[in-house]
Amino acid sequence: MNRSMTVLAAAFGLALAASTAAVPATAATTAPAAVQQGYTPTAYAGSAAEEADNKAFYQAVMKSALAKQAAQPYLASVVVTYDASRAPSFASQISRSAQIWNGSVSNVQLRSGTNADFRYYEGNDSRGSYASTDGHGGGYVFLDYAQNRQYNSVRVTAHETGHVLGLPDHYSGPCSELMSGGGPGTSCTNAYPNSAERSRVQSLWVNGLAAVG
């Protein structure tokens, strides 16, 4: 595998380009066909179109979470429910990723459960790990086996979950920036969002709370 930053970043997937893609064969029987949030090699910071797709993905999750939140307006934060049952090999990484995000922000919290707002899947895909939305209020995170062996798996999972919460890719960022993804290389093991990323998620989801009130 070519280890240039461009290819490393490409392997990390997820700068949210709008392109129709089939679900990987290993997940085809369980994951819905969707619009892949794919990487655009020439735009580390993300294009306007990619940012729009990312926003659509997190808003689909937010809409689902808020519909359920409306019945419980007394809750202090929006609860986003995920289903990890179709990614059993990554159960610990997904759980750890949720813990990291739950400890980093307060306006939105991730919980495992049924009637999920989004799901995790696992399998083999040359595109690496990515998040997708079907454009109909559904979405999922796909975790690629090979990539999770090459990169720190908790970082990969936390990065992909960052897209669910509304953050775009920024591959040119340092290792301390979670959404820099594969840009810093395989030696980067940081799985925590930095202060700017935490602040951004807080800002995005406080608006969700306002919409409920």
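Everything below is about the structure printed above this text.
Predicted model, so just to flag it, every value in this text is computed and none were measured.

Draft legend 1. The overall build of the chain, seen in detail. Along its length, the chain carries six helices and seven strands. When the elements of the chain are put in sequence order from the N terminus, they spell out α-β-β-α-β-α-β-β-β-β-α-α-α. For the chain, restricting intrachain contacts to residue pairs at least 6 apart in sequence, the fraction spanning at least 24 positions comes to 67%. For the chain, the exposed area adds up to about 8,900 Å²; of that, 54% sits on carbon and sulfur atoms.

Draft legend 2. Local environment of the packing of helix α3 (residues 91-104) against helix α5 (residues 153-164). It is at 9 Å that the axes of α3 and α5 come closest, and there the two elements cross at 60°. Judged on the interaxial angle alone, α5 and α3 are oblique. Read as a crossing pair, α3 and α5 show a hand that is right-handed. Contacts from Gln 93, Ile 94, Arg 96, Ser 97, Ile 100 and Trp 101 of α3 reach α5 at Ser 153, Val 154, Thr 157, Ala 158, Thr 161 and Gly 162. Its residues placed into classes, the contact of α3 with α5 shows five nonpolar, six polar and one charged.

Draft legend 3. Summary view of the state of the cysteines. For the coordinates displayed, the defined rule picks out one disulfide. A sulfur-sulfur distance of 2.0 Å marks the disulfide that ties Cys 175 to Cys 188. An S-S torsion of about 90° defines the bridge between Cys 175 and Cys 188 as right-handed. In this pair, Cys 175 sits in the loop between α5 and α6 (195-212) while Cys 188 sits in the loop between α5 and α6, placing the two residues 13 residues apart along the sequence. Judged by its relative accessible area of 28%, Cys 175 falls in the partly exposed class.

Draft legend 4. Structural detail: the nonpolar core. Grouped together as the largest cluster of nonpolar side chains are 34 residues, with contacts concentrated most on Trp 101, Phe 118, Tyr 120 and Trp 205. Listed by contribution, the elements that provide at least two residues to this core are α2 (48-69), β3 (78-86), α3, β4 (108-112), β5 (118-123), β7 (139-144), α5 and α6. For this core, the element with the highest residue contribution is α2, accounting for six residues. With sequence-adjacent residues up to four places away left out, Phe 118 is seen in contact with Val 61, Val 80, Thr 81, Tyr 82, Asp 83, Leu 110, Gly 139, Val 141 and Val 164.

Draft legend 5. Highlighting the pattern of salt bridges. The full count for this structure, using the stated rule, is three salt bridges. The residue Asp 117 makes a salt bridge to Lys 68 at a minimum N-O spacing of 2.9 Å. Pair noted here: Asp 117 is in the loop between β4 and β5 and Lys 68 is in helix α2, with a separation of 49 residues, a long-range link. Look at Lys 68 and you get partly exposed, because its relative accessible area is 26%.

Cut-offs applied
- Residues numbered from 1 in each chain as written.
- Predicted model: local features only at pLDDT ≥ 70, side-chain atom pairs only at ≥ 80, totals over all residues.
- Heavy atoms only, no water.
- Helix = DSSP H or I, 4+ residues; strand = E, 2+ residues; numbered from the N terminus.
- Contact = heavy atoms within 4.5 Å.
- Areas by Shrake-Rupley, 256 points an atom, 1.4 Å probe, with all protein chains shown as cover.
- Axes fitted to C-alpha atoms, helices over the stretch in contact; angles between N-to-C directions.
- Parallel < 35°, antiparallel > 145°, perpendicular 65-115°, else oblique.
- Left-handed = near helix turned anticlockwise from the far one by under 90°.
- Nonpolar A, V, L, I, M, F, W, Y, C, P; charged D, E, K, R; others polar.
- Disulfide = S-S within 2.5 Å.
- Buried < 20%, exposed > 50% of the residue type's maximum accessible area, 1.4 Å probe, protein only.
- Core = buried A, V, L, I, M, F, W, Y, C linked by side-chain atoms within 4.5 Å.
- Salt bridge = Lys/Arg side-chain N within 4 Å of Asp/Glu carboxyl O.

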